[in-house]
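Chain by chain, the residues:
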There are 2 protein chains.
Amino acid sequence: MTDATDRTDRSRLAPLDPDMFDPLCPSSEMPFRVGDKWTGMVVRCLEGGPRRFTELRVPLRGVTPKVLSETLRAMERDGLLTRTPYDENPPRVEYALTPLGRTLIPLLDAARAWSEIHLPHLLAARRVHERHASGAAPVA
Amino acid sequence: MTDATDRTDRSRLAPLDPDMFDPLCPSSEMPFRVGDKWTGMVVRCLEGGPRRFTELRVPLRGVTPKVLSETLRAMERDGLLTRTPYDENPPRVEYALTPLGRTLIPLLDAARAWSEIHLPHLLAARRVHERHASGAAPVA
DNA sequence: CTGGATCCCTTGGGATACTG
DNA sequence: CAGTATCCCAAGGGATCCAG
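Residues numbered from 1 in each chain as written. Chains lettered and ligands numbered in written order. Predicted model: local features only at pLDDT ≥ 70, side-chain atom pairs only at ≥ 80, totals over all residues. Heavy atoms only, no water.

In the nomenclature of an unreviewed UniProt entry, chain A corresponds to Winged helix-turn-helix transcriptional regulator from the organism Streptomyces vulcanius.

Draft legend 1. Fine view of the protein's contact with DNA strand C. Close to DNA strand C lie 20 residues, the nearest being Lys66 of chain A together with Thr54, Ser69, Arg83 and Tyr95 of chain B. Sugar and phosphate atoms represent 63% of those atoms of DNA strand C found within 4 Å of the protein. Within the side chain of Lys37 of chain A, one N or O atom sits 2.7 Å away from a phosphate oxygen of DNA strand C. Note that a phosphate oxygen of DNA strand C is positioned 3.2 Å from one of the side-chain N or O atoms of Arg52 of chain B. The set of elements that each furnish at least two residues to the surface near DNA strand C consists of helix H3 (65-77) of chain A together with helix H2 (53-57), helix H3 (65-77) and strand S4 (92-97) of chain B. In terms of residue count, H3 of chain B provides more of the surface near DNA strand C than any other element does, four residues in total. Here the surface near DNA strand C is composed, by residue class, of nine nonpolar, four polar and seven charged. (Near = heavy atom within 4 Å. Polar contact = N/O pair within 3.5 Å; in protein donor to acceptor, adjacent residues only side chain to side chain. Helix = DSSP H or I, 4+ residues; strand = E, 2+ residues; numbered from the N terminus. Nonpolar A, V, L, I, M, F, W, Y, C, P; charged D, E, K, R; others polar.)

Draft legend 2. Representation of the pattern of salt bridges. All names here are of chain A. The final tally for this structure, using the stated rule, is 14 salt bridges over all chains. Between Arg44 and Asp109 there is a salt bridge, with its nearest N and O atoms 2.8 Å apart. In this pair, Arg44 is assigned in helix H1 (residues 39-46) and Asp109 in helix H5 (residues 105-133), connecting sequence segments 65 residues apart. (Salt bridge = Lys/Arg side-chain N within 4 Å of Asp/Glu carboxyl O.)

Draft legend 3. Local environment of the confidence of the model for chain A. When pLDDT is averaged along chain A, the result is 82; 79% of the residues meet or exceed 70. Low pLDDT, under 50, characterises residues 1-6 of chain A; the stretch is placed with four contacts to residues that sit more than four places away or in other chains. (pLDDT = per-residue confidence, 0-100. Contact = heavy atoms within 4.5 Å.)

Draft legend 4. Expanded view of the interface of chain B and chain A. In this complex, chain B contributes 23 residues to the contact, which on the side of chain A involves 23 residues. When the area that chain B buries against chain A is broken down by residue, the three leading residues are Arg33, Arg77 and Leu107 of chain B, summing to 26%. The interface formed by chain B and chain A contains two salt bridges. With a shortest N-O distance of 2.7 Å, Arg126 of chain B and Asp78 of chain A are connected by a salt bridge. (Buried area = accessible area lost by both parts, 1.4 Å probe.)

Draft legend 5. Broad picture of the relation of the copies chain B and chain A. Superposing chain B onto chain A requires a rotation of 180 degrees together with a translation of 0.0 Å along the rotation axis, leaving an RMSD of 0.2 Å. The transformation relating the two chain copies, once decomposed into turn and shift, fits a two-fold axis. Residues of chain B ranked by C-alpha distance from the rotation axis are headed by Arg33 of chain B, positioned 2.5 Å from it. Both copies contact each other with a shared surface, as 100% of the interface residues of chain B are interface residues in chain A too. (Least-squares fit on C-alpha atoms with pLDDT ≥ 70 in both.)

Draft legend 6. Just unusual backbone geometry, in detail. Note that the residue after Asn89 of chain A, namely Pro90 of chain A, is joined by a cis bond; omega there is 5 degrees. Here Pro90 of chain A lies in the loop between strand S3 (81-86) and strand S4 (92-97).

Draft legend 7. Looking closely at the sheet that holds strand S3 (residues 81-86) of chain B. All names here are of chain B. Strands sit in the order S2-S4-S3 across an open sheet of three strands; the sheet is antiparallel. In this open sheet, the two edge strands, each paired with only one partner strand, are strand S2 (51-52) and S3. Pairing between S3 and S4: six bridges, direction antiparallel. Within S4, the residue paired with Thr84 across the bridge is Glu94. Its contacts with the sheet put helix H1 (residues 39-46) on S2, S3 and S4, and the angle it makes with S4 is roughly 100 degrees. (Pairing = 2+ DSSP bridges. Axes fitted to C-alpha atoms, helices over the stretch in contact; angles between N-to-C directions.)

Draft legend 8. Fine view of the packing of H1 of chain B against H3 of chain B. Residue and element names in this part refer to chain B. Remark: H1 packs on H3, axes separated minimally by 10 Å, with the N-to-C direction vectors making an angle of 80 degrees. One finds that H1 runs roughly perpendicular with respect to H3. Where H1 approaches H3, its residues Thr39, Val42 and Val43 are matched on the opposing element by Leu68, Thr71, Leu72 and Met75. Split by residue class, the contact of H1 with H3 holds five nonpolar, two polar and no charged. (Parallel < 35°, antiparallel > 145°, perpendicular 65-115°, else oblique.)

Draft legend 9. Just the protein's contact with DNA strand D, in detail. As a structural note, the neighbourhood of DNA strand D is formed by 20 residues, with Ser69, Arg83 and Tyr95 of chain A together with Lys37 and Lys66 of chain B the closest of them. Val93 of chain A places a main-chain nitrogen or oxygen 3.4 Å from a phosphate oxygen of DNA strand D. Contact distances for DNA strand D include 2.9 Å between a phosphate oxygen and a side-chain N or O atom of Lys37 of chain B. At the level of elements, helix H2 (53-57), H3 and S4 of chain A together with H3 of chain B are the ones that each hand at least two residues to the surface near DNA strand D. Considering each element in turn, the surface near DNA strand D owes the most residues, four residues, to H3 of chain A. Classifying every residue of the surface near DNA strand D gives nine nonpolar, three polar and eight charged.

What follows is the structure, encoded as structure tokens:
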């Protein structure tokens, strides 16, 4: 338990896995994208409950504050999530999926399932063509 | 299976609807993308059977030969479709989905279903924010 | 008919630095 | 902590022209 029982009760939320979007993870090569590069990942980050700006930066490794900010604003604009600032010090802002945003989850699940089953084949086919392109002799 | 009297018997295939990706069609604003801008649409074009290069250009309005060619080569490289040139005159080439390529169809169906149900809400939310951004007074 | 070759422009998005 | 402000680059993709 990270904190007190006050606030929004996110205290029992498991911390986000820093590796959930690890570049080495096959699903990060998922050929399906929702809108832009980060939207799908943000949905994944928020499906367990509201998260704070900095909290999102952990699993979304490499995302710069600028880009994350842009992504979040676009998603808010599209009604996919809500932004809730608290008048405290230090400042605190929470992002949470709207019902509309939650409707994306099954799609992401489907995409993930597809990747787990078929992505290896796609990648294998790609490697074969790369081999040909590189002019290497067929493997004996 | 449609079989072939001559060639691949695409003769009984319904011609592709020129409007199937009309910019005005809601599904063309679909926020889900497969890989790049055109891949998903190409799959849709091919799900009914093999098609020729020029045939694909009809519904994919606005796509330049260069871009379509790049898309098709990338998809072939990834094992999503096959490219079959016929040694005739005038030249004829047919593109057809592979079994792997066909596995994308359910995903596209899911995305389309999502769009039909939820896209209007997303668009509505977007319009509200645009209105605010434009500084227009709230409509009475 | 089926593209390849060029040119070019927009845009996503990364790096870095700086505020309330 | 939660962003904003700049700068900048690579890449997607469109237009146009050309060739087998």
